[in-house]
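Working through the structure, step by step
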Amino acid sequence: MVPERETTTRERATSGATASPRARARLDQPRAPRRRLLPEWDPESFGRLSERVARFLGTGRFIVWMTVVIILWVVWNVSAPSGLRFDEYPFIFLTLMLSLQASYAAPLILLAQNRQDDRDRVNLEQDRKQNERSIADTEYLTREIAALRIGLGEVATRDWIRSELQDLVRDLEERQNGHHPDRGVFPADRSAGRDVHDR
């Protein structure tokens, strides 16, 4: 016999599953693309395009071409027959075109500057990390060199070994001649291998 609580939950689950005809989204399959009203664009490619336009606007070539177009525009609308003129003397259409060009150029230049600022920020962060690594390496090498210098201070140098060998040769010569003041004491048996005069 099934308890009453379990039967009611099973009935609710089955009735709920059959009552809603909505299909469940499966997690093992990609979602179907939804239609959008606004056009989509790739921000990276748009940013590259804005940088190209901003670079072109900042060249002398653009200024020369714009000057040539304006001069031809004005000359044509002043000297052409009245039936062929498309912009009379106040040149309102020319003013409109230049304003339109400026209104598009300013945001493109700002976008290019923002992208350049982002790149500069990343480069500065990488340079800062590289400088920190270089400083850490320099400090490590400085400590190693200091340790080597301290260690070399305790190592026998060439001059000290030469003086010890000269003392040993002198002692042997005096011993052979028979008048050594410390007869019976070998030079190597002295304390720390040094003479009393060396201390």
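Look up a bit, the structure's there.
Below: a short report on this structure.

What counts and how
- Residues numbered from 1 in each chain as written.
- Predicted model: local features only at pLDDT ≥ 70, side-chain atom pairs only at ≥ 80, totals over all residues.
- Heavy atoms only, no water.
- Helix = DSSP H or I, 4+ residues; strand = E, 2+ residues; numbered from the N terminus.
- Buried < 20%, exposed > 50% of the residue type's maximum accessible area, 1.4 Å probe, protein only.
- Contact = heavy atoms within 4.5 Å.
- Areas by Shrake-Rupley, 256 points an atom, 1.4 Å probe, with all protein chains shown as cover.
- Salt bridge = Lys/Arg side-chain N within 4 Å of Asp/Glu carboxyl O.
- Patch = residues over 30% accessible without salt bridge, like charges linked within 9 Å, V, L, I, M, F, W, Y side chains within 5 Å.

**Comments concerning the overall build of the chain**
In terms of helices and strands, the chain carries five helices and zero strands. Starting at the N terminus and walking to the C terminus, you meet the elements of the chain as α-α-α-α-α. Expressed as a percentage of the 199 residues in the chain, the buried residues total 12%. When contacts within the chain are restricted to residue pairs at least 6 apart in sequence, long-range pairs at least 24 apart make up 52% of them. Counting every atom, the chain has about 17900 Å² of accessible surface; 60% of that belongs to carbon and sulfur.

**Notes on unusual backbone geometry**
One non-glycine residue with positive phi stands out, namely Phe 91, at about 50°. Relative to the helices and strands, Phe 91 is located in the loop between α3 (60-79) and α4 (92-153).

**Some remarks on the pattern of salt bridges**
By the definition in use, this model includes 11 salt bridges. One salt bridge in this structure joins Arg 55 and Glu 51, with 4.0 Å as the shortest N-O distance. Pair noted here: Arg 55 and Glu 51 are both in helix α2 (residues 43-57), with a separation of four residues, about one helical turn. For Glu 51, a relative accessible area of 8% gives the class buried. Its salt-bridge partner being Arg 119, residue Glu 51 comes within 2.8 Å of it at the nearest N-O pair. Pair noted here: Glu 51 is in helix α2 and Arg 119 is in helix α4, with a separation of 68 residues, a long-range link. Bridged by salt links that share partners, the residues Glu 44, Arg 48, Glu 51, Arg 55, Arg 115 and Arg 119 form one connected network.

**Observations regarding a nonpolar patch on the surface**
Together, Trp 76, Leu 84, Phe 86, Phe 93, Leu 96, Met 97, Leu 100 and Tyr 104 make up an exposed nonpolar region whose accessible area comes to about 840 Å². Top contributing element to the nonpolar patch by residue count: α4, with five residues. By secondary structure assignment, the location of Leu 84 is in the loop between α3 and α4.

Take it as geometry only, folks, not as evidence of what the structure does.
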